[in-house]
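# Topology and contacts: notes
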Amino acid sequence: MVSPGVWIASLIDGLLLGFVYGLAAMGLTLIWGVMRVINLAHGPIIALGMFGVYLLFAYGGVHPYLGLFAVALLGLLVGILIYAIAVHRVLTAPHLSTLLATFSINMMIIGTGTALFTTTPRNIDISLGRLVLGPVVLLGTRLLAALAAVLIAAGLYVFLYRTTLGKMVRAVASNRAAAELMGIPSARVLAFSFGLGTMLAAVAGGLIATFFPFTILSGGAYELKSFVICVLGGLGNPTGALLGGLILGALEGLIPIVLPVSWVPVIEFLLFVLLLLLRPQGLLGER
Amino acid sequence: MSMWRSISWWFTLIVLLGAGLWPIASGSATGREDMFLILMLVTLASSLNILLGYTGYVNFGHIVFFGLGGYIGFYLMHRQGWSLGPAMIAGGLATAALALVLGTIILRLRGAYFALATIGINEAVRAFVANFEPFGGATGMSLNFAVYQAYGGAAQALWIAYGVLLAVTLLTVGISFAVKHSKFGLGLMAIREDEDAALVLGVRGPRAKTLAYALSALFPGMVGVLFFFKNGNIEPGDAFRLHLSIETLVMVMLGGQGTVWGPILGAALYERLRGYLLTSPLFKSLHLAFAGMLLLLIILFVPAGVIGWLRARFPAIRRVIP
Amino acid sequence: MSLLEIQGVSKRFGGLQALNRVSLHVSEGEILGLIGPNGAGKTTLFNVINGVYRPEEGRVIFRGQDITGRPPYEIARLGIARAHQIVRPLNELTVLENVMVGACFGRENRSLREAREIALAVLEQVGLAGKRDVEAARLNVAEKKRLELARALAARPYLILLDEVLAGLNPTEVATMLEVIRAIRASGITVLMIEHLMHAVMNVSDRIVVLDYGEVIAEGIPQEIAHHPRVIEAYLGDPRLSQSLLEAQGG
């Protein structure tokens, strides 16, 4: 019999991670929501966020949490660049084109990254102590990461609903042609939205790097998790992504108590396919 | 069948047969290994093209059939003592049957949702097989060396596997040609262009799509058995490599989706290029980045692929290159 | 004899009652015009007839058989073909291949070779024979309209649903198209057509049914309809339509 303490500790552990997963997925779901593109470079961008924080810390002595700001800015710029080079021209082409265009960026980042950094695991050696509440032990880094994820999510919400630029993003998302008629420069708004999506992914990567070891290939696993989360929360819905992240985090925390940990992905991906099939309202509504 | 009266089919057959028989004629083991890889990729790309190029459904999880077929065949050879031929046919039929069931469910999804579901299925199957003890779990299975004795030793077994692969490749390309020039294929292409309009025109969409999916799953299942028989062992990481799945998509795009020759040329070009990049000291460590750049250039500037571009530029070659 | 019988069909989208207990029949061999202001539910009715939408209430009977809620491809094979209002060419296929799809999968379920013969004949009939090897995407709007019609005809249906095939055509093209529609009827195919071009529909139809806000408000021969008070009322809201109604009354 597993004690309730273990359940609670695992659940909280999972939920803390879930906030960060949710943040990463928000980036993916935002891009989908605005331009109907599934960004297959999502994973490598997460990995770039990890390496950004790591390199600044290891070679520049920049504190990881300070480095996150630089990573956020870089993430935005890289995203705008990717949009301009690979996405804009094929935005109206069939799905396969945008999927493969973003995948080509994936290959370029992974290829160059492997050449530069090899695939030896890295980690950022910082500790913020721990908080002990009865059976629950909370690592400071994870607590702070979850807090940061919540703040960024709240910031995104305020941005989208309270600022002019945010309203432009939503206008372009709901009807690009109409937004253009209203004088909104849709190409620039799309580029910015793509940048925003990659920024969220990069920052999530940076946060993960503060408590898990990583390689340039690590982003792939989080990309797959982001897919699951986006579908859990409804593709294109940033607030839903945070909720989806929490659900996934909770599952990852709790399943290993009753089943070997290797069953977690089986359950995750079955859930993913089932959700795609059984939530047709949001999912088949594209035509 | 009327395809035997078609110049372009004879052209295709002769080119493939010539290239495929060359290693056998020259007896070169390295030539055979190179050609094994190319023929395998031609088969994977051509079978993917039936769903991707003819029907317009983007499948990121084509490799799941390669892996699963490989596992089933391997299990039958390793644990049940089957020989290669029956194991290969069983592997292919099992994956085709799986696709038939899976297809009726997931082909209701369209566009990017279908593409995402195929990724999910590949990952779910990979994770499941890693937990499935009869298939050796995470460590997989290895063939006992003695198994190859039945084929006249390991060296001879490799030649046999190659010969069978050549036959499977010819069959795949033949079916791809036949489908493209059939009423069934016309229905698939109507679905690709506008699925709702096709339904109104009387195309039985659900059935046609599912059959196309099953047909495209049959050949990777068979090739998986051959590949892992030759390889001697199988494990989840090798069998369900999502990356290979996407590389196969790249090959189809490179050559030209929706044409018979596109996947053939695309697979051969991609493999030669990759081989060159891997051996060139300049590109060795950057081969993936370079392949990515190539892919992007194709998508941006030659979306119809090499064959598509040629056929649009020189309509006369349509008679020879299907 | 009734070829198609629509009995009390209702269809709603969220809060919008697109069709409200619509009943009408189409007799074998006639040309029935379906008119009404924009948003009256005409195209929705077509979508119910050929199985794109399933109605909440009511039945669709075709040649004595209940076809309500059957998938579009089954209905196509029973002998109902359709030309869409917004043309839907299969862009990367040639004009000939487009029409062959209609023949292959339509009522007669022809083989590829037979379909080719039928398609060539139909292309001749609609005046697209010269474009047979052109990709459908390259046709101009008028040609795409004719392709849409050719594809439906190649199915050799019992009933053809024409959704605004005259829209966007110049007067000469309209006249040609009307001839084509008459020829279709003469070949034994029953026609149910939605049309906004009032004088044309009055001219070609044997009977007319008027829809407004999802309900049938009038039914009768063209002369009756042109002077029907409820029809005039329904059309007064729309200056363009009332103008065309006036023209039709005059002619």
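Up top is the structure.
What this report covers is the structure whose coordinates are included nearby. (Residues numbered from 1 in each chain as written. Chains lettered and ligands numbered in written order. Predicted model: local features only at pLDDT ≥ 70, side-chain atom pairs only at ≥ 80, totals over all residues. Heavy atoms only, no water.)

Contacts between chain C and chain B engage 25 residues on the former and 20 residues on the latter. Summing both sides of the interface, chain C and chain B together bury roughly 2,000 Å²; the carbon and sulfur share of this comes to 68%. Connecting chain C to chain B are 1 salt bridge. A salt bridge links B:Asp194 to C:Arg88; its shortest N-O distance comes to 2.9 Å. (Contact = heavy atoms within 4.5 Å. Buried area = accessible area lost by both parts, 1.4 Å probe. Salt bridge = Lys/Arg side-chain N within 4 Å of Asp/Glu carboxyl O.)

What the rule picks out here adds up to 27 salt bridges over all chains. Note that B:Arg32 is salt-bridged to B:Glu33, the shortest N-O span being 3.0 Å. Three or more residues are tied together by salt bridges with common partners; here these are C:Arg107, C:Glu108, C:Arg110, C:Glu114 and C:Arg156.

With that settled, consider the side chain of A:Ser226. Of note, A:Ser226 is situated in helix α9 (residues 219-233). Apart from residues no more than four positions distant in its own chain, A:Ser226 is found in contact with A:Ala24, A:Ala25, A:Leu28 and A:His42. (Helix = DSSP H or I, 4+ residues; strand = E, 2+ residues; numbered from the N terminus.)

Further remarks concern the packing of helix α11 (residues 264-278) of chain A against helix α5 (residues 111-131) of chain B. Between α11(A) and α5(B), the least distance of the axes is 8 Å, while the angle of their chain directions is 155 degrees. As far as their axial angle goes, α5(B) and α11(A) are roughly antiparallel. The chirality of how α11(A) crosses α5(B) is left-handed. Taken together, the residues of α5(B) that come into contact with α11(A) (itself represented by A:Pro265, A:Val266, A:Phe269, A:Leu270, A:Phe272, A:Val273 and A:Leu276) are B:Tyr113, B:Leu116, B:Ala117, B:Gly120, B:Ile121, B:Glu123, B:Ala124, B:Ala127, B:Phe128 and B:Asn131. Of the residues belonging to the contact of α11(A) with α5(B), the class tally is 14 nonpolar, 2 polar and 1 charged. (Axes fitted to C-alpha atoms, helices over the stretch in contact; angles between N-to-C directions. Parallel < 35°, antiparallel > 145°, perpendicular 65-115°, else oblique. Left-handed = near helix turned anticlockwise from the far one by under 90°. Nonpolar A, V, L, I, M, F, W, Y, C, P; charged D, E, K, R; others polar.)

This paragraph deals with the side chain of B:Lys230. Residues and elements named next belong to chain B. Mapped onto the elements, lysine 230 comes out in helix α9 (residues 205-231). Polar contacts involving the side chain of lysine 230 include one to the side chain of glutamate 33, which spans 2.5 Å. Here lysine 230 is in contact with Glu33, Phe36, Tyr148 and Leu158, once residues within four sequence places are set aside. (Polar contact = N/O pair within 3.5 Å; in protein donor to acceptor, adjacent residues only side chain to side chain.)

Now for the sheet that holds strand β4 (residues 57-62) of chain C. Residue and element names in this part refer to chain C. The antiparallel open sheet is built from 4 strands, whose spatial order is β2-β1-β4-β5. Taken across any chain shown, the strands that pair with only one partner, and hence form the sheet edges, are β2 (16-27) and β5 (65-66). Where strand β1 (residues 2-13) and β2 come together, 8 bridges link them in antiparallel fashion. Within β2, the residue paired with leucine 4 across the bridge is valine 26. Its contacts with the sheet put helix α1 (residues 42-49) on β1, β2 and β4, and the angle it makes with β1 is roughly 115 degrees. (Pairing = 2+ DSSP bridges.)

A few words on a nonpolar patch on the surface. Among the surface-exposed residues, A:Trp7, A:Ile8, A:Val258 and A:Leu259 lie close enough to one another that they form a single nonpolar patch of about 340 Å² accessible area. Overall, A:Val258 belongs to the exposed group, its relative accessible area being 57%. (Patch = residues over 30% accessible without salt bridge, like charges linked within 9 Å, V, L, I, M, F, W, Y side chains within 5 Å. Areas by Shrake-Rupley, 256 points an atom, 1.4 Å probe, with all protein chains shown as cover. Buried < 20%, exposed > 50% of the residue type's maximum accessible area, 1.4 Å probe, protein only.)

Bringing the pairing of strand β2 (residues 136-139) of chain A into the picture now. All names here are of chain A. Side chains of β2 alternate between two faces, with Val136 and Leu138 buried and Val137 and Leu139 left unburied. Relative to β2, strand β1 (residues 130-133) runs antiparallel, the two sharing 4 bridges. Bridge pairing links valine 132 to valine 137 in β2.

Per the counting criterion, the structure on display carries 30 aromatic pairs over all chains. Plain terms: the ring middles of B:Tyr71 and B:Phe135 are 5.1 Å apart, the flat faces sit at 20 degrees to each other, and that makes the pair stacked. Linking B:Tyr71 in helix α3 (residues 63-80) with B:Phe135 in the loop between α5 and β1 (141-142), this pair joins segments that are 64 residues apart in sequence. Here the aromatic residues A:Trp263, B:Tyr71, B:Tyr75, B:Phe128, B:Phe132, B:Phe135 and B:Phe240 are joined through ring pairs into a cluster of three or more. The ring of B:Trp159 carries the charged tip of B:Arg32 above its face, separated from the ring centre by 4.7 Å. (Phe/Tyr/Trp six-rings, centres within 6.5 Å; stacked < 30°, edge-to-face > 60°. Lys NZ or Arg CZ within 6 Å of the ring centre and 35° of its normal.)

With that settled, consider the arrangement of the chains. The protein chains that touch form 2 pairs of chains, and the pair with the most contacts between them is chains A and B. For the non-touching pair chain A and chain C, the nearest C-alpha separation works out to 13 Å.

So, on to the interface of chain B and chain A. Taken together, the contact pairs 42 residues of chain B with 41 residues of chain A. When residues of chain B are sorted by the area they lose upon contact with chain A, B:Tyr113, B:Leu116 and B:Asn131 head the list and together hold 19% of the total. Here chain B and chain A share 0 salt bridges between them. Where chain B touches chain A, the interface holds 2 residue pairs in polar contact (both at pLDDT 80 or more). Looking at the side of chain B that touches chain A, the elements with two or more residues in it are α4 (84-106), α5, α11 (242-255) and α13 (287-301) of chain B. A total of 14 residues in the side of chain B that touches chain A trace back to one element, the largest contributor, which is α5(B). Class assignment of the residues belonging to the side of chain B that touches chain A gives a composition of 30 nonpolar, 7 polar and 5 charged.

Residue and element names in this part refer to chain A. With 23 residues, helix α4 (residues 95-117) extends 32 Å from end C-alpha to end C-alpha; this agrees with the ideal 33 Å at 1.5 Å per step. Buried residues dominate α4, accounting for 18 of its 23 residues. Among the residues trailing α4, threonine 118 stands out with phi positive, at a value near 55 degrees. (Expected span 1.5 Å × (residues − 1).)

Further remarks concern the packing of helix α1 (residues 7-26) of chain B against helix α2 (residues 29-54) of chain B. All names here are of chain B. At a closest axis distance of 8 Å, the pairing of α1 and α2 adopts a crossing angle of 150 degrees. As far as their axial angle goes, α2 and α1 are roughly antiparallel. Remark: the crossing between α1 and α2 carries left-handed chirality. Here α1 contributes Ala19, Gly20, Trp22 and Pro23 to the contact with α2, which in turn contributes Gly31, Arg32 and Met35. Considered class by class, the residues forming the contact of α1 with α2 number 4 nonpolar, 2 polar and 1 charged.

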